[in-house]
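# Topology and contacts: notes
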Amino acid sequence: MEKREWIRSGIIEELDKRQLDLLTLVHAKIKLYYEELYQKKGSCRYELNLSRLMKLCNRDGKSVIAAVRMLANTVPQDSNEKPLIYYDRVHSAKNASHRPYRIFLRIKS
């Protein structure tokens, strides 16, 4: 069991092995996308979105977005580091009600 702390609320959540495996898988696929695929293949010239991450992980949207939110808003307990990833949602140019996720890997400095 690993404990992770939500960054703004201080709530501590215990994760079991299955949840940790999912977080590890999602983080590994985000790293793979930005280190090996991004702007090297024609279909990967845009930032990582939720549907592409779902295909890379071979998981459904609900579990992937839960893992993305967990990785973007929590840190290991008693840690001073920043979350591993971050995401934003922007309005589409053609349809303002469509707000796709753009998922980014945080660069360690």
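Scroll up to find the structure.
A separate point is the pairing of strand 2 (residues 12–15). Of the strand pairs in this sheet, strand 1 (residues 2–6) and strand 2 are connected by four bridges, and their pairing is antiparallel. Of the residues in strand 2, the one forming a bridge with Lys 3 is Glu 14. What sits between strand 1 and strand 2 in their antiparallel hairpin is a turn of five residues, with Gly 10 showing a positive phi close to 80°.

Time to look at the side chain of Arg 4. You can see Arg 4 is positioned in strand 1. The class for Arg 4 is buried, based on a relative accessible area of 6%. For Arg 4, the side chain forms a polar contact with the side chain of Glu 2, separated by 3.4 Å.

Bringing the packing of helix 2 (residues 50–57) against helix 3 (residues 61–73) into the picture now. Closest axis-to-axis distance for the helix 2/helix 3 pair is 10 Å, and the angle between their directions is 105°. By the angle between their directions, the pair helix 2 and helix 3 is classed as roughly perpendicular. Of the residues in helix 3, those touching helix 2 at Leu 50, Leu 53, Met 54 and Cys 57 are Gly 61, Val 64, Ile 65 and Val 68. Across the contact of helix 2 with helix 3, the residue classes tally to seven nonpolar, one polar and no charged.

Parameters at a glance
- Residues numbered from 1 in each chain as written.
- Predicted model: local features only at pLDDT ≥ 70, side-chain atom pairs only at ≥ 80, totals over all residues.
- Heavy atoms only, no water.
- Pairing = 2+ DSSP bridges.
- Helix = DSSP H or I, 4+ residues; strand = E, 2+ residues; numbered from the N terminus.
- Buried < 20%, exposed > 50% of the residue type's maximum accessible area, 1.4 Å probe, protein only.
- Polar contact = N/O pair within 3.5 Å; in protein donor to acceptor, adjacent residues only side chain to side chain.
- Axes fitted to C-alpha atoms, helices over the stretch in contact; angles between N-to-C directions.
- Parallel < 35°, antiparallel > 145°, perpendicular 65-115°, else oblique.
- Contact = heavy atoms within 4.5 Å.
- Nonpolar A, V, L, I, M, F, W, Y, C, P; charged D, E, K, R; others polar.

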